[in-house]
Amino acid sequence: MQTDAREIILKGISGSPGICIGKAYLVDKEGVDVIEKYTIPPENIRQETNRFKTAVTKARNELEDIIKDVPEELRHHAAILETHLLLHKDKMFYGKIIDMIKAERINAEWALKETTAQTKSMFNNIPDPYLKSRAADIEHVSERIMRNLVGIKDVNIASIDKRVILVAHDLSPAQTSQIQLEKIMGFITDRGGRASHTSIIARTLELPAVLGLDNATRIIKTDSIIVVDGAKGIVIVNPEDETLIRYEELAKKYALRKADILRTSDRPAESADGQTFSIMGNIELPEEVVAVKDHGGDGIGLYRTEFLYMNRDTFPDEQELFIQYKEVAELMYPQPVTIRTLDINGDKAISTKAATDETNPALGLRAIRFCLQNPGIFKTQLRAILRAAAFGNIRLLLPMISGCEEIIESIQLLNQAASDLESEALPHNRDIKVGIMIEVPSAAVIADQLADLVDFFSIGTNDLVQYTLAIDRGNRHVAYLYNTLHPAVIRMIKFIVDAGKKKQIKTFMCGEMASEIINLPILMGIGIDAFSMAPQSIPSIKNMIRKISVSESRLFLKEVLKQTSAADTMQLITDTYGDTLTNGIYTK
Amino acid sequence: MNMLDNKLNKTATVINELGLHARPAARIAAIANEAQSDVWLYKNGEQADATSIIDILSLACFKGTVVTLEISNPADAPVLNKIIDFFERGFEE
């Protein structure tokens, strides 16, 4: 080890778990920091404003190219880039800079720097944290123009040719979308938090990330050896030999454990006392079936069908739906595929329907309500499902049920669709299991009545928790109150499962609650029969189930039901299952 | 309305959770740019040019903020209605 490079430990925020050791790669634009100010003689003012305009045009062209090349899987992150594109020509920015060059007879770089600083300070004075953080957008736009003015090449992330750990002040959405994923081992940034763009990308890619380090870009140099401990939020620069050895072992252990869990993931999830649970995957597209199979999923517990209805001008026809459903059914056969019928809601407005003026879409016309008001659209989907059921093990799942009538009406439509197919002599299978999502408190309360009408329940925890606690998770002011361990939520889930058991029907759980290992002891104690989750979560959930005994979890549940707050329940989980849980990887 | 005054205005409320942030501001600016004359956005007497994302954002409109949109040329009424409609749909979020 070099003697002049001292080991430095930096503490930041955990953006994404995992450990990596490697060479740093700085993505910061060196040299742009020092901006000179000089006066422009009157006869050259025009030339100077043109120089600025050219730089903006170049910057916009660069950005347009980046937008064009955004990989498919990051497509929905590109909207922010479109906004950046508009910001380049914004009156209060572009216009102001040109005016400043003319009025003060100063160089374009200085005018750009001044205007950027003014705009940023305007944003920083806004009390709202979300709007305040828009200062970063101005900064990204300004930096791109500045590089074109000064003539410095943008560090082209797309051309990195070795495996590196990216170190940046802040990764802009434009930058993250250019990254060649196979070249990156981890991310480190000065800015950002758990909800930042970089953090989301890192977690999607299962790469370690430490964010909010403040001055990582000043301390770390390109090619420095660094260690990133994503779970702890620690970065070690110039590690000493001992540190390196320790982390290499840790990284190896982590990788082994991850591989181990993945390797055993196709084996059944059998509890310590021998009860087998079905662990299935949630999907949105047929392509995701592969991920479910790779991660050892025992079927599809939730196939969301909204995708084919979005971003288009016409509703999909029966044939189009049929082909997709058939493909998924065949790929998964003989394992089950649970198709949830159309659940359009506020944040997934369909472009074929004129958006309605609902101030409270979560309580409005969505899911089964929409389908029963539009029986033509609903029947097309039901026909496609019945036809696909001839090719695999398909189950039907009705979303947002709040009372018996909705089930009766839906089954009538299903029977009609089957009879129609019969008379048209189209191959289909009308003998499919019909289940309902329990995600509205009213459905939970009358679960015993609903159980008479259906073959299974699936608890959608995201909505059930939101409606039970009257918490909108998207609302920053109350989001902290959203807690799946609230005593009311636990009691409600138990009530649903008990009602189902009395009528001999099974209860599944999909939604985020099912994918977090800390909830498992409670859910197993309650008697949930099957879980469905994002494919990536399947291996760790299966692994954890094998360590828990159902009979013990039933005793544990009795204690849980005595707790009067989510915090007490959390404490009880840690006290009772802490060791088991911390040994599982992917822990949050 | 005064016949000599060509100004038209309408009121709208910000209803989405995140407030009037960058994405909807960009959309509003794009619509306002279709107008022939000025389009102004007012909040508590503060004025912003609706064709500028930055100016719109500087008004800091959170959820619940009531704003007034004003056009100076009646020919721009469709633009006004389009923006109001966008507000009423919670910026499609």
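All values reported here derive from a predicted model rather than from experimental measurement.

Q: Help me understand the overall build of chain B, please; the structure alone is not making it clear to me.
A: For chain B, the count of helices and strands is three helices and four strands. Secondary structure of chain B in N-to-C order comes out as β-α-β-β-α-β-α. Every one of the 93 residues in chain B was classed for burial, and the buried ones make up 49%. Long-range pairs, those at least 24 residues apart, make up 72% of the contacts in chain B between residues at least 6 apart in sequence. Of the roughly 4,100 Å² of accessible surface on chain B, a fraction of 48% belongs to carbon and sulfur atoms.

Q: Please clarify how the overall build of chain A should be interpreted in this entry.
A: For chain A, the count of helices and strands is 23 helices and 17 strands. Nonlocal contacts in chain A, meaning residues at least 24 apart in sequence, comprise 69% of its contacts between residues at least 6 apart. With the model as given, the accessible surface of chain A reaches about 26,600 Å², and the carbon-plus-sulfur share is 51%.

Q: Looking at this structure, I do not really get helix 21 (residues 538-545) of chain A. What am I missing?
A: The periodicity of an α-helix, 3.6 residues per turn, causes residues three or four positions apart to be oriented the same way. The element helix 21 of chain A is largely enclosed, with a buried count of eight among its eight residues. I538, P539, S540, I541, K542, N543, M544 and I545 of chain A are the residues of helix 21 of chain A that are buried.

Q: Is there a simple way to think about the packing of aromatic side chains in this case?
A: Any pair of aromatic rings gets described here by the distance separating the centres and the angle formed by the planes. Taken as a whole and judged by the stated rule, the model has nine aromatic pairs over all chains. Aromatic side chains F456 of chain A and F508 of chain A sit 5.2 Å apart centroid to centroid with 25 degrees between the ring planes, which places their arrangement in the stacked category. Placement of F456 of chain A in strand 15 (residues 456-460) and of F508 of chain A in strand 16 (residues 506-510) is noted, with a sequence separation of 52 residues between them. Of the two residues, F456 of chain A and F508 of chain A, neither departs from the other in class, the shared state being buried. When the centroid spacing of 5.0 Å and the interplanar angle of 80 degrees are considered together, the rings of F556 of chain A and Y577 of chain A count as edge-to-face. With F556 of chain A in helix 22 (residues 550-560) and Y577 of chain A in helix 23 (residues 566-583), this residue pair connects regions lying 21 residues apart in the sequence. This pair shows no difference in class: F556 of chain A is buried, exactly as Y577 of chain A is. Ring pairing ties together the aromatic residues F86, F87 and F91 of chain B, which thus form one cluster.

Q: How do you make sense of the interface of chain A and chain B when you look at a structure like this?
A: One widely used convention gives an interface's size as the accessible area the parts lose upon coming together. Between chain A and chain B, the contact holds 27 residues from the first and 21 residues from the second. Between chain A and chain B, the buried area comes to about 2,100 Å², and carbon and sulfur atoms account for 70% of it. With a shortest N-O distance of 2.7 Å, D49 of chain B and K91 of chain A are connected by a salt bridge. Where chain A packs against chain B, one counts five residue pairs in polar contact (both at pLDDT 80 or more). Of the residues that constitute the side of chain A that touches chain B, the class distribution is 12 nonpolar, six polar and nine charged.

Q: Could you clarify how one ought to interpret helix 10 (residues 241-263) of chain A in this entry?
A: A rise of 1.5 Å per residue sets the reference length of helix 10 of chain A, with its 23 residues, at 33 Å; its end C-alpha atoms lie 32 Å apart and thus fit the reference within 8%. Along helix 10 of chain A, the residues classified as buried are T243, L244, Y247, A251, Y254 and I261 of chain A.

Q: Hey, could you run me through the packing of helix 1 (residues 45-68) of chain A against helix 6 (residues 135-150) of chain A in this one?
A: Helix packing geometry: the angle between the two helix axes and the distance between the axes. Residue and element names in this part refer to chain A. For the pair helix 1 and helix 6, interaxial distance at closest approach is 8 Å and the crossing angle is 125 degrees. Classified by the interaxial angle, the pair formed by helix 1 and helix 6 is oblique. In terms of crossing hand, the pair formed by helix 1 and helix 6 is right-handed. Mapping the contact onto sequence places R51, F52, A55, V56, K58, A59, E62, L63 and I66 in helix 1 and R144, I145, N148 and L149 in helix 6. Here the contact of helix 1 with helix 6 is built from residues that sort into eight nonpolar, one polar and four charged.

Q: Explain the environment of A35 of chain B to me, please; I cannot follow it from the model alone.
A: Residues and elements named next belong to chain B. Position of A35 among the secondary structure elements: in the loop between helix 1 (22-32) and strand 2 (39-43). Considering only alpha carbons, one finds A35 and N73, 38 residues apart in sequence, at a separation of 8.6 Å. Residues in contact with A35, not counting those within four places in the same chain, are D76 and V79.

Q: Explain the sheet that holds strand 6 (residues 209-211) of chain A here, please?
A: The strands making up a sheet associate through backbone hydrogen bonding, with each pair oriented either parallel or antiparallel. Residues and elements named next belong to chain A. Pairing is mixed in the open sheet, where eight strands are placed in the order 1-8-7-3-4-5-6-2. Only two strands of the sheet have a single neighbouring strand rather than two, namely strand 1 (8-11) and strand 2 (13-16). Averaged over all adjacent pairs, the angle separating strand axes in this sheet is 30 degrees, with direction ignored. Here five bridges tie strand 3 (residues 19-26) to strand 7 (residues 225-229), and the two strands are oriented antiparallel to one another. The residue of strand 7 that forms the bridge with G22 is I226. Sitting on the sheet, helix 10 is in contact with strand 3, strand 7 and strand 8 (234-237), with an inclination near 115 degrees to strand 3.

Q: Mind showing me how you'd approach the pairing of strand 17 (residues 530-533) of chain A here?
A: Moving residue by residue along a regular strand, the side chains alternate between the two faces of the sheet. Residue and element names in this part refer to chain A. Side-chain alternation along strand 17 places A530 and S532 on one buried face and F531 and M533 on a second face that is also buried. Note: strand 10 (residues 276-283) against strand 17, four bridges, orientation parallel. By the bridge assignment, M280 is partnered in strand 17 with S532. Summarising the sheet, strand 16 and strand 17 pair through two bridges and their orientation is parallel. Counterpart to F508 in the pairing with strand 17 is A530. In this fold, the crossover linking strand 16 to strand 17 by way of helix 20 (residues 520-526) has right-handed handedness.

Q: Looking at this structure, I do not really get the sheet that holds strand 2 of chain B. What am I missing?
A: Residues and elements named next belong to chain B. Read across the open sheet, the four strands follow the order 1-4-2-3; overall the sheet is antiparallel. Every interior strand has two partners, whereas the edge strands, strand 1 (8-13) and strand 3 (46-49), have only one. In this sheet, neighbouring strand axes are inclined to one another by 25 degrees on average, regardless of whether the strands run parallel or antiparallel.

Q: Teacher, can you tell me more about the side chain of D229 of chain A here?
A: Within the secondary structure layout, D229 of chain A lies in strand 7. When sequence neighbours within four positions are dropped, the list of residues in contact with D229 of chain A reads G18, I19, V210, I234 and Y247 of chain A.

Q: Would you explain the confidence of the model for chain A in this entry?
A: Detailed conclusions should not be drawn from predicted coordinates in areas where pLDDT is low. Mean pLDDT for chain A: 85, with 86% of residues reaching 70 or above. Confidence drops under pLDDT 50 across residues 346-355 of chain A; counting only partners more than four residues distant or on other chains, this segment forms 20 contacts.

Q: How should I be thinking about a positive patch on the surface in this particular structure?
A: On the surface, a cluster of positive charge is made up of R46, K53, K89 and K102 of chain A. Note on placement: K102 of chain A falls in helix 3 (residues 91-104).

Q: Is there a simple way to think about the side chain of T507 of chain A in this case?
A: All names here are of chain A. Examined against the element boundaries, T507 turns out to sit in strand 16. T507 gets classed as buried once you look at its relative accessible area, which sits at 1%. Apart from the residues lying within four places of it in its own chain, the contact partners of T507 are F457, I459, I496, V497, I528, D529 and A530.

Quick notes on the rules
Residues numbered from 1 in each chain as written. Chains lettered and ligands numbered in written order. Predicted model: local features only at pLDDT ≥ 70, side-chain atom pairs only at ≥ 80, totals over all residues. Heavy atoms only, no water. Helix = DSSP H or I, 4+ residues; strand = E, 2+ residues; numbered from the N terminus. Buried < 20%, exposed > 50% of the residue type's maximum accessible area, 1.4 Å probe, protein only. Contact = heavy atoms within 4.5 Å. Areas by Shrake-Rupley, 256 points an atom, 1.4 Å probe, with all protein chains shown as cover. Phe/Tyr/Trp six-rings, centres within 6.5 Å; stacked < 30°, edge-to-face > 60°. Buried area = accessible area lost by both parts, 1.4 Å probe. Salt bridge = Lys/Arg side-chain N within 4 Å of Asp/Glu carboxyl O. Polar contact = N/O pair within 3.5 Å; in protein donor to acceptor, adjacent residues only side chain to side chain. Nonpolar A, V, L, I, M, F, W, Y, C, P; charged D, E, K, R; others polar. Expected span 1.5 Å × (residues − 1). Axes fitted to C-alpha atoms, helices over the stretch in contact; angles between N-to-C directions. Parallel < 35°, antiparallel > 145°, perpendicular 65-115°, else oblique. Left-handed = near helix turned anticlockwise from the far one by under 90°. Pairing = 2+ DSSP bridges. Right-handed = clockwise from strand over helix to strand, strands pointing away. pLDDT = per-residue confidence, 0-100. Patch = residues over 30% accessible without salt bridge, like charges linked within 9 Å, V, L, I, M, F, W, Y side chains within 5 Å. Lys, Arg positive; Asp, Glu negative; His and termini not counted. Charge placed at Lys NZ, Arg CZ, Asp CG, Glu CD.

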